[in-house]
Amino acid sequence: MDAENQKTELSGKLESLDVDELKDLRKTVDRAIASYETRKRQEAISAVEQAAREHGFKLADLLGNGKAGRGRKSEAGSTESAAKYVNPDNSEQTWSGRGRRPQWINEALESGRTLEEFAA
C-alpha cells in the first residue's frame, strides 16, 4: 500500500472516531512526539559528546560549563529545570514541578485529574 492510500485510509478511520477518542488519540500522538524529540535530542548530544572525545575534550569543557576551563560563572537563567510535566493537549506547555503551578495544571487538578497523568 502506498503512502497516499495509507493517508486516505487513516482519514477514513479518524472520521469514524468520536470526540473523546480523538482527544485520547491526540494525547497519544503528543506523547509520541515528545518521546521522539527527546530521543533525537539525546542522540544528537551523544554524537556531539563523541566528537568532543575524539578531539580529546569533554563536552562540558568546550561549552564552558564544566569545572575545567576559564572558570566562568553561570549566567542568569541557567537554573532552568527540565520539564517534569507536559500538557497532553498542548505539548508546548510544560512545568518543571518547581515554583507556582501553571493555570493548565490547576484547571486539570480541579477537574479531578492527577499530576501523574501529566508526567513527562
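Residues numbered from 1 in each chain as written. Predicted model: local features only at pLDDT ≥ 70, side-chain atom pairs only at ≥ 80, totals over all residues. Heavy atoms only, no water.

Quick look at the packing of aromatic side chains now. Evaluation of the coordinates by the stated rule reveals 2 aromatic pairs. Geometrically, the ring pair formed by Tyr85 and Trp95 is stacked, given 5.4 Å between the ring centres and 25° between the ring planes. Residue Tyr85 is found in strand E1 (residues 85-87), and its partner Trp95 is found in strand E2 (residues 90-95); the two are separated by 10 residues along the sequence. Considering the side-chain rings of Trp104 and Phe118, the 5.6 Å spacing of their centres and the 70° angle between planes classify their relative orientation as edge-to-face. (Phe/Tyr/Trp six-rings, centres within 6.5 Å; stacked < 30°, edge-to-face > 60°. Helix = DSSP H or I, 4+ residues; strand = E, 2+ residues; numbered from the N terminus.)

Secondary-structure assignment places Asn87 in strand E1. Here Gln93 takes part through its side chain, which lies 2.4 Å from a polar atom of the side chain of Asn87. Setting aside residues no more than four positions away along its own chain, Asn87 makes contact with Gln93, Trp104 and Phe118. (Polar contact = N/O pair within 3.5 Å; in protein donor to acceptor, adjacent residues only side chain to side chain. Contact = heavy atoms within 4.5 Å.)

A word on the nonpolar core. Tyr85, Trp95, Trp104, Ile105, Ala108, Leu115 and Phe118 form the largest nonpolar core, which has 7 residues in total. The biggest single contributor to this core is helix H4 (residues 103-110), with 3 residues. Leaving out residues up to four positions away in the same chain, Leu115 has contacts with Tyr85, Trp95, Ile105 and Leu109. (Core = buried A, V, L, I, M, F, W, Y, C linked by side-chain atoms within 4.5 Å. Buried < 20%, exposed > 50% of the residue type's maximum accessible area, 1.4 Å probe, protein only.)

Each full turn of the α-helix corresponds to 3.6 residues, which orients residues three or four apart in the same direction. For H4, every residue scored as buried is listed here: Trp104, Ile105 and Ala108. Projected down its long axis, H4 shows its buried positions confined to an angular sector of 100°, all on one face. Looking at the buried positions of H4, the neighbouring elements they touch are E1 and E2. Positive backbone phi, at 100°, marks Gly112, one or two positions downstream of H4. (Arc of directions from axis to C-beta.)

Quick look at the layout of surface pockets now. The rolling of a water-molecule-sized probe over the atoms marks out the regions of remaining empty space. Quantified by volume, the largest pocket comes out at close to 540 Å³. Of all the elements in the fold, those that place two or more residues in the lining of the largest pocket are helix H2 (19-54), E1 and E2. With 10 residues, H2 is the largest single contributor of residues to the lining of the largest pocket. Its residues assigned to classes, the lining of the largest pocket comprises 9 nonpolar, 6 polar and 5 charged. (1 Å grid on protein atoms, 1.4 Å probe; cavity = no way out; pocket = protein on both sides within 12 Å on 5 of 7 lines; lining within 4 Å. Points joined across faces, edges and corners; volume = space filled by probe spheres on them. Nonpolar A, V, L, I, M, F, W, Y, C, P; charged D, E, K, R; others polar.)

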